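Overview (structure and organization)
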Amino acid sequence: MRVCFTLRVRPDRLDEYRARHREVWPEMRAALSDAGWRNYSLFLAGDGLLIGYLECDDFDAALAEMARTEVNARWQDEMAEFFVGDGNADERMTPLDEVFHLD
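Remember, it's a predicted structure, so these values are computed and weren't measured experimentally.

A separate point is the overall build of the chain. Across its full length, the chain holds 5 helices and 4 strands. Along the chain direction, N to C, the helices and strands of the chain fall in the order β-α-α-β-β-α-α-α-β. Computed over C-alpha atoms, the radius of gyration of the chain comes to 13 Å, within 12% of the 13 Å expected from 2.2 N^0.38 for 103 residues, which places it in the range of a compact globule. Principal-axis analysis of the C-alpha atoms gives the chain an extent of 35 × 30 × 25 Å. Out of the 103 residues in the chain, the part that is buried amounts to 34%. For the chain, contacts bridging at least 24 residues in sequence account for 75% of all contacts bridging at least 6.

Here's what the structure looks like:
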């Protein structure tokens with residue numbers, strides 16, 4: 001399945017958010033792959049709108065698998081300050097409805 005979601009990054013933290021994602025920990029990358037996240041990309045607009053896209057077999061299962069990992073807990077703790085709102089970003093992803101797809 002294809003999943004597209006949105007989040008909101010604090011506008012005053014955009015540069016640092018980009019910098020952190022240039023150096024995603026190898027163990028975090030491995031955990032995402034092991035949890036079934038494929039073809040995962042993040043896109044960031046100048047106003048802080050973050051668009052994520054990934055492919056997986058089951059999004060809820062992929063999220064649940066990441067929630068069980070220690071590396072994701074550490075990553076979420078470190079990244080929480082970058083997002084507008086409270087809580088873990090993984091729990092606040094807002095999936096979008098797909099309205100068109102061209103193979």
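Here we come to the sheet that holds strand E2 (residues 38-44). Note: strands within a sheet are paired through backbone hydrogen bonds, in either parallel or antiparallel orientation. Pairing is antiparallel across the open sheet formed by 4 strands, whose spatial order is E2-E3-E1-E4. Strand pairing shows two members of the sheet lacking a second neighbour, E2 and strand E4 (94-95), which therefore form its edges. Of the strand pairs in this sheet, strand E1 (residues 2-8) and E4 are connected by 2 bridges, and their pairing is antiparallel. In the sheet register, phenylalanine 5 faces E4, and the bridge partner there is proline 95.

A word on the layout of surface pockets. Approximately 480 Å³ is the volume attributed to the largest pocket. What lines the largest pocket is a set of 25 residues, and nearest its centre among them are His21, Val24, Leu32, Tyr40 and Leu42. Among the elements of the structure, E1, helix H1 (14-22), helix H2 (26-34), E2, helix H4 (70-79) and helix H5 (89-92) are those that each provide at least two residues to the lining of the largest pocket. The element that contributes the greatest number of residues to the lining of the largest pocket is E2, accounting for 5 residues. Taken together, the residues of the lining of the largest pocket break down into 16 nonpolar, 6 polar and 3 charged. Of the voids in this model, the second largest pocket is the one considered here, and its volume is about 170 Å³. Lining the second largest pocket we find Arg2, Val3, Cys4, Tyr53, Leu96, Asp97, Glu98, Val99 and Phe100. Considering each element in turn, the lining of the second largest pocket owes the most residues, 3 residues, to E1. Looking at the lining of the second largest pocket, its residues break down into 6 nonpolar, no polar and 3 charged.

Following the criterion strictly, the structure yields 11 salt bridges and no others. Note that glutamate 98 and arginine 2 form a salt bridge whose closest N and O atoms lie 2.7 Å from each other. One end of the pair, glutamate 98, is in the segment after E4; the other, arginine 2, is in strand E1, and 96 residues separate them in sequence. The exposure class of glutamate 98 is partly exposed, given its relative accessible area of 46%. Here arginine 2 falls in the partly exposed class, since its relative accessible area comes to 33%.

What counts and how
- Residues numbered from 1 in each chain as written.
- Predicted model: local features only at pLDDT ≥ 70, side-chain atom pairs only at ≥ 80, totals over all residues.
- Heavy atoms only, no water.
- Helix = DSSP H or I, 4+ residues; strand = E, 2+ residues; numbered from the N terminus.
- Rg over C-alpha atoms; globule rule 2.2 N^0.38 Å.
- Buried < 20%, exposed > 50% of the residue type's maximum accessible area, 1.4 Å probe, protein only.
- Contact = heavy atoms within 4.5 Å.
- Pairing = 2+ DSSP bridges.
- 1 Å grid on protein atoms, 1.4 Å probe; cavity = no way out; pocket = protein on both sides within 12 Å on 5 of 7 lines; lining within 4 Å.
- Points joined across faces, edges and corners; volume = space filled by probe spheres on them.
- Nonpolar A, V, L, I, M, F, W, Y, C, P; charged D, E, K, R; others polar.
- Salt bridge = Lys/Arg side-chain N within 4 Å of Asp/Glu carboxyl O.

Honestly, it's all geometry; don't read function into it.
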